[in-house]
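Examining the three-dimensional arrangement
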Amino acid sequence: MESKIEVLSTVKIQHSPDLYRIVDALNRTLKQKDLMFGLALDQGDKNTAIFTIYRT
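Residues numbered from 1 in each chain as written. Predicted model: local features only at pLDDT ≥ 70, side-chain atom pairs only at ≥ 80, totals over all residues. Heavy atoms only, no water.

Moving on to the overall build of the protein chain. Assigned secondary structure in the protein chain consists of one helix and three strands. Reading the protein chain from its N terminus to its C terminus gives the helix and strand order β-α-β-β. Seen along its three principal axes, the alpha-carbon backbone of the protein chain occupies a region of about 40 × 20 × 15 Å. Relative to its full complement of 56 residues, the protein chain shows a buried share of 18%. In the protein chain, of all internal contacts separated by at least 6 residues, the share reaching a separation of at least 24 is 53%. For the protein chain, the exposed area adds up to about 4,500 Å²; of that, 53% sits on carbon and sulfur atoms. (Helix = DSSP H or I, 4+ residues; strand = E, 2+ residues; numbered from the N terminus. Buried < 20%, exposed > 50% of the residue type's maximum accessible area, 1.4 Å probe, protein only. Contact = heavy atoms within 4.5 Å. Areas by Shrake-Rupley, 256 points an atom, 1.4 Å probe, with all protein chains shown as cover.)

All told, the structure shown has one aromatic pair when counted by the stated rule. Between the aromatic rings of Phe-37 and Phe-51, the centroid separation amounts to 6.0 Å while the plane-to-plane angle is 15 degrees, which identifies the pairing as stacked. Separated by 14 residues along the polypeptide, Phe-37 in strand E2 (residues 35-41) and Phe-51 in strand E3 (residues 48-55) bring together distant segments of the chain. Both residues of the pair, Phe-37 and Phe-51, belong to the buried class. (Phe/Tyr/Trp six-rings, centres within 6.5 Å; stacked < 30°, edge-to-face > 60°.)

Within the fold, Asp-42 resides in the loop between E2 and E3. Of note is the side chain of Asp-42, whose polar atom sits 2.8 Å from the backbone nitrogen of Gly-44. Here Asp-42 is in contact with Lys-12, Thr-48 and Ile-50, once residues within four sequence places are set aside. (Polar contact = N/O pair within 3.5 Å; in protein donor to acceptor, adjacent residues only side chain to side chain.)

Moving on: the pattern of salt bridges. Enumeration over the complete set of coordinates arrives at three salt bridges. One salt bridge connects Lys-12 with Asp-42, and the closest N-O pair in it is separated by 3.0 Å. Taken as a pair, Lys-12 in strand E1 (residues 6-14) and Asp-42 in the loop between E2 and E3 lie far apart in primary sequence, 30 residues in all. Residue classification places Lys-12 among the exposed residues on the basis of a relative accessible area of 56%. Where Arg-28 meets Asp-24, a salt bridge forms, and the shortest distance between an N and an O atom there is 2.9 Å. Of the two residues, Arg-28 and Asp-24 are both situated in helix H1 (residues 19-30); the distance of four residues between them amounts to about one turn of the helix. The exposed category is assigned to Arg-28, whose relative accessible area is 59%. (Salt bridge = Lys/Arg side-chain N within 4 Å of Asp/Glu carboxyl O.)

Encoded structure:
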């Protein structure tokens with residue numbers, strides 16, 4: 001079985017220590033809707049986070 005992950009949206013936002021809590025809550029709440037959320041630090045600017053929404 002092949003799993004395809006589609007990027008729906010990506011946005012750069014100011015990094016905050018509690019952002020992971022929002023991403024965790026979204027992943028737990030919306031996984032039944034085939035949505036997944038990601039958070040990563042921007043490699044060029046450690047004060048910027050990259051928030052991505054995926055369809056699985």
